[in-house]
Amino acid sequence: MAPPANAQQQPQVQLVGGRKVVDEVSGWLRVLDDGSVDRTWTGPPEALPLMEPVPPYAVPRDGHTLHDLPGEPNLRVYLPEAKAEGGARLPVILHLHGGGFCISHPSWLMYHHFYARLACAVPAVVVAVELPLAPERRLPAHIDSGVAALRRLRSIALSEDGALDDDPAAALLRVAADVSRVFLIGDSSGGNLVHLVAARVAQDDAGSWAPLRVAGGIPIHPGFVRATRSRSELETKADSVFFTLDMLDKFLALALPEGATKDHPFTCPMGPQAPPLESVPLPPLLVSVAENDLIRDTNLEYCNALRAAGKEVEVLINHGMSHSFYLNKYAVDMDPTTGERARELIDAIKSFISRH
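Source: prediction; values computed, not measured. The residue count restarts for each chain, going from 1 along the sequence in the order it is written. Local features in a predicted model are, by the rule used here, given only for residues with pLDDT of at least 70; side-chain atom pairs are given and counted only at 80 or more, and totals for whole chains, interfaces and linings are based on all residues. Side-chain figures throughout are based on the complete set of non-hydrogen atoms in the structure, without hydrogens or water.

A. Region of the structure containing the packing of aromatic side chains. Only rings of Phe, Tyr and Trp enter the pairing, Trp through its six-membered ring, and a pair is recorded when the two centres are within 6.5 Å. The plane angle decides the type: under 30 degrees is stacked, over 60 is edge-to-face, the rest tilted. Per the stated rule, a full pass over the model turns up seven aromatic pairs. Here Phe114 and Tyr115 contribute two aromatic rings whose centre-to-centre distance is 5.1 Å and whose plane-to-plane angle is 85 degrees, an arrangement assigned as edge-to-face. Here Phe114 matches Tyr115 in class, with each residue buried. Three or more aromatic residues joined by ring pairs make a cluster, and in this case those are Phe114, Tyr115, Phe325 and Tyr326. By definition, being over a ring means that NZ of Lys or CZ of Arg is both within 6 Å of the ring centre and within 35 degrees of the ring normal. Over the ring of Tyr57 we find Arg61, and its NZ or CZ is 4.0 Å from the ring centre. For Arg151, the ring lying beneath its charged end belongs to Trp209, and the centroid distance is 3.7 Å. The cut-offs for exposure are 20% and 50% of the maximum accessible area for each residue type, with area from a 1.4 Å probe on protein chains only; residues under the lower value are buried, those over the upper are exposed, and the others partly exposed.

Shown next as structure tokens:
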């Protein structure tokens, strides 16, 4: 017998392995009723190749080798074959990956293609950090991991000859890296971590970090926002499954401390809840802002606030580009304009590092 026409339909309950989905970020993750998280990609299948992990290799490819260093935290190291002038050691770029604090991994192809290229172009040792993921580990866990990665770099640099014989990748890193010139770089939410990790380190006595020194920071399209929508959020149309307003809102709700809004200092360092920027010790910064980014306006607000606070900041506008455009290997390889903008970004980073 058919139900009455006016009977209310019950909402369909989503199940994953017999567990109920209690929260979801479309395509990216599902929070289940037992507290676990399913990060199986359910979005457009054509995006999947960019999330494929790239295994390490000790035999040079395209001018570099790639090594994994398990530990706390896990590190991935790009060592270019190119040498610095006069045989000097190479600067270090510490990479803090994006993903709204909730997803992604530094081994993914989207990061690999850009940071392998950057390592060879500068040249520099690129050290990518495997960050914790929310909601299992909310902020400030990601900041703690960034600081721990720097501590690990310092420990490797201070190791005595022979102490790393059982860890050839760490031994290679020790010989190649000039830890007195460490540059923090981060994509999207990783850009937030550039600011937050640099500020945390600068609060310590410099002697406690020697010989390591954070010489600069490079936030690329940082996830700085406010609780109220900016004009660019309201008027710019999302053109990628990799960044939408729904993703932004839900990821930050899962990542920020319980009860916090987007006005929290972790996501709005230029807002009233954050310490005055004049009081925040920061290294020189190069901030990259995408012209067509949903969060362009708050990115520019952050840059203007830094200038007003007397900080050393350079701003690169990626004209005609959207959020994290340079991570889309296929667009970089196949679209001449995207490829040119990616080259401009790499050239700007190379120039910034050479001057600091």
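B. Region of interest: the pairing of strand 13 (residues 313-318). DSSP-based pairing: two strands are paired if at least 2 bridges between them are found. Comment: elements are numbered from the N terminus, with helices defined as DSSP H or I runs of at least four residues and strands as E runs of at least two. In the sheet, strand 12 (residues 285-290) pairs with strand 13 via six bridges, with the strands oriented parallel. Directly across from Ser288, in strand 13, lies its bridge partner Leu316.

C. Structural context of the domain arrangement of the protein chain. You can read the domains of the protein chain as domain 1 (9-43) and domain 2 (53-355). Of the residues lining the interface, 10 residues belong to domain 1; the matching set on domain 2 comes to 14 residues. Carbon and sulfur atoms supply 72% of the area that domain 1 and domain 2 bury against each other, a total of about 940 Å² over both sides. The term buried area refers to how much accessible surface (probe radius 1.4 Å) is lost by two components on association, counted for both of them together. For the domain 1 face of the interface with domain 2, the top three residues by lost area are Val25, Trp28 and Arg39, together amounting to 60%. Salt bridges are counted wherever a side-chain nitrogen of Lys or Arg sits within 4 Å of a carboxyl oxygen of Asp or Glu. Across the domain 1-domain 2 interface, the total number found is one salt bridge. The domain limits used here are those given by an automatic or database domain assignment. Two residues qualify as a contact provided that any one of their heavy atoms is within 4.5 Å of a heavy atom in the partner residue.

D. Here's a closer look at the UniProt feature "domain: Alpha/beta hydrolase fold-3" (unreviewed entry) in the protein chain. With numbering matched to this structure, UniProt assigns "domain: Alpha/beta hydrolase fold-3" (unreviewed entry) to residues 93-326. For residues 93-326, the helix share is 35%, the strand share is 17%, and the end-to-end C-alpha distance is 17 Å. UniProt positions are given in the numbering used here, feature names are shortened, and annotations may be inferred rather than shown by experiment.

E. Seen up close, helix 7 (residues 296-308). Expected span of a helix, by definition, is 1.5 Å for each gap between consecutive residues, and there is one gap fewer than residues. Here helix 7 spans 18 Å end to end across 13 residues, near enough to the 18 Å set by a 1.5 Å rise per residue. Along helix 7, the residues that are buried comprise Thr298, Asn299, Tyr302, Cys303, Ala305 and Leu306. Take helix 7 and look down its axis: the buried residues cluster within an arc of 160 degrees, on one side only. The inward-facing, buried residues of helix 7 contact helix 4 (189-202), strand 12 and strand 13. What the arc describes is the spread of directions from the helix axis to the C-beta atoms.

F. Representation of the sheet that holds strand 12 in the model. In spatial order, the strands read 5-6-7-9-8-10-11-12-13; together these nine strands make up an open sheet with mixed pairing. Across the chains shown, the open sheet's two edge strands, defined by having one partner strand only, are strand 5 (57-61) and strand 13. Geometrically, the sheet is characterised by an average inter-axis angle of 20 degrees between neighbouring strands, direction not taken into account. Here strand 5 pairs with strand 6 (residues 64-69) via two bridges, running antiparallel. From the neighbouring strand, Tyr57 faces strand 6, where its bridge partner is Leu66. Against the sheet, helix 1 (residues 109-121) makes contact with strand 5, strand 6, strand 7 (75-80), strand 8 (90-96), strand 9 (125-129), strand 10 (177-187) and strand 11 (214-220), and its axis sits at roughly 40 degrees relative to strand 7, the strand it touches most. On top of the sheet, helix 3 (residues 168-176) reaches strand 6, strand 7, strand 8, strand 9 and strand 10; it is set at about 120 degrees to strand 6, its chief contact. All axes are obtained by fitting lines to C-alpha atoms, using only the stretch in contact for helices, and the reported angles, taken between N-to-C directions, cover 0 to 180 degrees.

G. Highlighting the side chain of Asp187. Relative to the assigned elements, Asp187 resides in strand 10. Under the counting rule used here, the positive set is Lys and Arg, the negative set is Asp and Glu, and His together with the chain ends is not counted. One buried charged residue, Asp187, forms no salt bridge at all, with the nearest opposite charge on Arg117 at 13 Å. Among all residues touching Asp187, those that are not within four sequence positions of it are His95, Leu96, His97, Gly98, Tyr111, Tyr115, Ile220, Tyr326 and Leu327.

H. Here's a closer look at the nonpolar core. The set of buried Ala, Val, Leu, Ile, Met, Phe, Trp, Tyr and Cys residues whose side-chain atoms join them within 4.5 Å is what this entry labels a nonpolar core. In terms of nonpolar packing, the biggest core is built from 113 residues, with Leu94, Tyr115, Leu150 and Ile349 touching the most fellow members. Structurally, this core is a two-domain feature, drawing no fewer than three residues from each of domain 1 (9-43) and domain 2 (53-355). In this view, Leu94 contacts Val127, Val129, Gly146, Ala149, Leu150, Leu153, Val182, Phe183, Leu184 and Ile185; residues no more than four positions away in its chain are not counted.

I. Main features of the pattern of salt bridges. Enumeration according to the criterion identifies 19 salt bridges in this entry. Here Arg343 makes a salt bridge to Glu340, at a shortest N to O gap of 3.0 Å. Highlighted residues: Arg343 and Glu340, both in helix 9 (residues 336-354), separated by three residues, approximately one helical turn. Note on Arg343: relative accessible area 38%, which makes it partly exposed. Within this structure, Arg229, Glu233, Asp249 and Lys262 form a network of salt bridges that share partners.

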